[in-house]
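Analysis of the macromolecular model
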Amino acid sequence: SASSSMTGAFWQLPTNTMCRSCQAWAKCIGDDFFRCSQILAIAVCDVIGTPSLREVKAHQTHLAEASIEIALGLMRSEIAKRYKLRDDRPLLSPLGLGKLGGRGMDYHSDLDLVLVYSDGPDVSKSVTNAELFSKAVEIFTTALSGMTRRGNLYRVDLRLRPYGKNGPTANP
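Presented here is an overview of the structure given in this document. These numbers come from a predicted model, not from an experiment.

1. Observations concerning helix H5 (residues 53–83)
Between its first and last C-alpha atoms H5 spans 44 Å; for 31 residues at 1.5 Å apiece the expected length is 45 Å, and the two agree. At the exit of H5 stands Lys84, carrying a positive phi of roughly 55 degrees.

Spelled out as structure tokens, the structure:
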């Protein structure tokens, strides 16, 4: 049918291709038009029953993962500018827990994350690793959870980290 061939093209589109095809993807986190259009496409397919519930959740998870990748890129660029570092350093690695880690994101899921970094010598001469990664987490979570015209992108929950809200936001 026409609807299944139309939705089939959407569901088969790899996330990394989808992101690369959008030249202004970094801006999309700011105004979230692209994310909203993808959520709408997922919802339409969900309503007409084309994909299974498992596929719908997988695609919402892919969208969250793509958003995390973009937020990491924005954070790397900002940290590189502020602390005069190379932009190609990975800095933080997010570990997805909860529905994100279980690949079961839904329309109102938050992002349960633990952020880790490589334990080694300070990467900047001007600040300690703890200070740098604390700032990196702040930039990263702001990119993912900032308010837009359509609401916030995602709720980011870092409370599952070691020592909960009393622990550092990034851990070696």
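Next comes the rest of the description.
2. A closer look at the nonpolar core
In summary, soluble globular proteins display a tendency toward joint burial of nonpolar side chains. Counting residues in hydrophobic clusters, the biggest one holds 30 residues, and the most contacted among them are Met75, Ile79, Leu92, Leu111 and Phe140. Those elements giving two or more residues to this core turn out to be H5, strand E2 (111–116) and helix H7 (129–145). Look past the residues within four positions of Phe140 in its chain and what remains in contact with it is Ile68, Ala71, Leu72, Met75, Leu113 and Leu115.

3. Points about the side chain of Asn129
Structurally, the position occupied by Asn129 is in helix H7. Classification of Asn129 as buried rests on a relative accessible area of 6%. A polar side-chain atom of Asn129 sits 2.9 Å from the main-chain amide nitrogen of Val123. The residues contacting Asn129, other than those within four sequence positions of it, are Tyr117, Gly120, Pro121, Asp122 and Val123.

4. Some remarks on the environment of Ser126
Considering the arrangement of structural elements, one finds Ser126 in the loop between E2 and H7. For Ser126, a relative accessible area of 56% corresponds to the exposed category. Along the primary structure Ser126 and Tyr83 are separated by 43 residues, whereas in three dimensions their C-alpha atoms are 7.2 Å apart. Here Ser124 takes part through its side chain, which lies 3.0 Å from a polar atom of the side chain of Ser126.

5. Digging into the pattern of salt bridges
Here the structure, examined in full by the defined rule, presents six salt bridges. A salt bridge links Asp106 to Lys99; the shortest N-O distance between them is 2.8 Å. Its salt-bridge partner being Lys135, residue Glu138 comes within 3.1 Å of it at the nearest N-O pair. Highlighted residues: Glu138 and Lys135, both in helix H7, separated by three residues, approximately one helical turn. Residue Glu138 is classed as partly exposed on the basis of its relative accessible area of 43%. The structure contains a network of salt bridges with shared partners spanning Lys57, Lys99 and Asp106.

What counts, and where the lines are drawn
Residues numbered from 1 in each chain as written. Predicted model: local features only at pLDDT ≥ 70, side-chain atom pairs only at ≥ 80, totals over all residues. Heavy atoms only, no water. Helix = DSSP H or I, 4+ residues; strand = E, 2+ residues; numbered from the N terminus. Expected span 1.5 Å × (residues − 1). Core = buried A, V, L, I, M, F, W, Y, C linked by side-chain atoms within 4.5 Å. Buried < 20%, exposed > 50% of the residue type's maximum accessible area, 1.4 Å probe, protein only. Contact = heavy atoms within 4.5 Å. Polar contact = N/O pair within 3.5 Å; in protein donor to acceptor, adjacent residues only side chain to side chain. Salt bridge = Lys/Arg side-chain N within 4 Å of Asp/Glu carboxyl O.

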